[in-house]
Amino acid sequence: MGNSISMPENLRHLVDSIKMSNGLTSVFIEVLTISGSILAKADREKEIIIWLAQQDQSVVGIGTVGFDIDDIPWTTENFEREKDFMLRAISNAIGGLGWERLSYEPRKDWVIGCLEQFKLMIDIFDKSNININSYIEWSEIEEGDNNPTIPLGYPKCQKHSIYLSCHGCILCNDESY
């Protein structure tokens, strides 16, 4: 799959996939994680941002971050609120919310283009396309797992004030990479 974000198979004809270089993918995920961490109030919003933060190339591997919109751990009962939150997080990322937390200066035009494409994908995606198994499989705590997928209590990085995933802080990981 490489670094690409796509609509579910049955909706691919509506919006082109986003294909990104390794560097652009890192910036894309990082600015969304920052924006979402600033905006998230409800536990489900925090969980969506933690899921995004787990798409951390410095941990999961360069060139391996790719997903379909239905891989995001949506829930049917809260979908409209989750979608609204994601659209706000994207809009605020486009507006540069929290970008000063980055340790580098990104190519704004490139990342904003990808964020706008992602916003269109989320806008088109609807409740009927949710893959409920994505949330169930992602959120399950496996027996003996000392590093749960969703860190207990939704801790934030002391340095960057963003939600930690099971891989730690995406910004700290990027800085040490």
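Rules used in this analysis
- Residues numbered from 1 in each chain as written.
- Predicted model: local features only at pLDDT ≥ 70, side-chain atom pairs only at ≥ 80, totals over all residues.
- Heavy atoms only, no water.
- Helix = DSSP H or I, 4+ residues; strand = E, 2+ residues; numbered from the N terminus.
- Buried < 20%, exposed > 50% of the residue type's maximum accessible area, 1.4 Å probe, protein only.
- Polar contact = N/O pair within 3.5 Å; in protein donor to acceptor, adjacent residues only side chain to side chain.
- Contact = heavy atoms within 4.5 Å.
- Core = buried A, V, L, I, M, F, W, Y, C linked by side-chain atoms within 4.5 Å.
- Pairing = 2+ DSSP bridges.

### Considering the overall build of the protein chain
In step 1: Assigned secondary structure in the protein chain consists of seven helices and three strands.
In step 2: Tracing the protein chain from N to C terminus, the helices and strands come up as β-β-α-α-α-β-α-α-α-α.
In step 3: If one aligns the C-alpha atoms of the protein chain with their principal axes, the spans along those axes are about 45 × 40 × 30 Å.
In step 4: Counting only residues that meet the buried cut, the protein chain has 51% of its 177 residues in that class.

### What about the side chain of Glu47?
In step 1: Position of Glu47 relative to the elements: it lies in helix H2 (residues 43-53).
In step 2: Taking the relative accessible area as the measure of exposure, Glu47 reaches 7% and is therefore buried.
In step 3: Of note is the side chain of Glu47, whose polar atom sits 2.9 Å from the side chain of Tyr135.
In step 4: In this structure, Glu47 is in contact with Tyr135, Trp138, Ile150 and Tyr154, ignoring residues within four places of it in sequence.

### Structural notes on the nonpolar core
In step 1: With 52 residues, the main nonpolar core has Phe28, Ile69, Ile72, Trp74 and Phe118 as its most contacted residues.
In step 2: Mapped by element, the contributors of at least two residues to this core are helix H1 (22-39), H2, helix H4 (79-94), helix H5 (108-124), helix H6 (132-139) and helix H7 (170-175).
In step 3: With eight residues, H1 is the largest single contributor of residues to this core.
In step 4: The contact partners of Ile69, leaving out residues within four places of it in the chain, are Ile5, Ser6, Met7, Pro8, Trp74, Phe118, Met121, Ile122 and Phe125.

### Considerations on unusual backbone geometry
Peptide bonds are, in most cases, trans, and in most cases residues other than glycine have a negative phi.
In step 1: Here the phi dihedral of Tyr154 falls at roughly 50 degrees; this positive angle occurs in a residue that is not glycine.
In step 2: Looking at the element boundaries, Tyr154 is found in the loop between H6 and H7.
In step 3: Even without being a glycine, Ser161 presents a positive backbone phi close to 55 degrees.
In step 4: In this structure, Ser161 sits in the loop between H6 and H7.
In step 5: Looking at Ser161, the relative accessible area reads 31%, which means it is partly exposed.

### Concerning the sheet that holds strand E2 (residues 18-19)
In step 1: Across the sheet, three strands lie side by side as E2-E1-E3; this open sheet has mixed pairing. Whereas interior strands pair on both sides, the edge strands pair on one side only; in this sheet they are E2 and strand E3 (67-68).
In step 2: Note: strand E1 (residues 4-6) against E3, two bridges, orientation parallel. Its bridge partner being in E3, Ser6 is matched across the sheet by Asp68.

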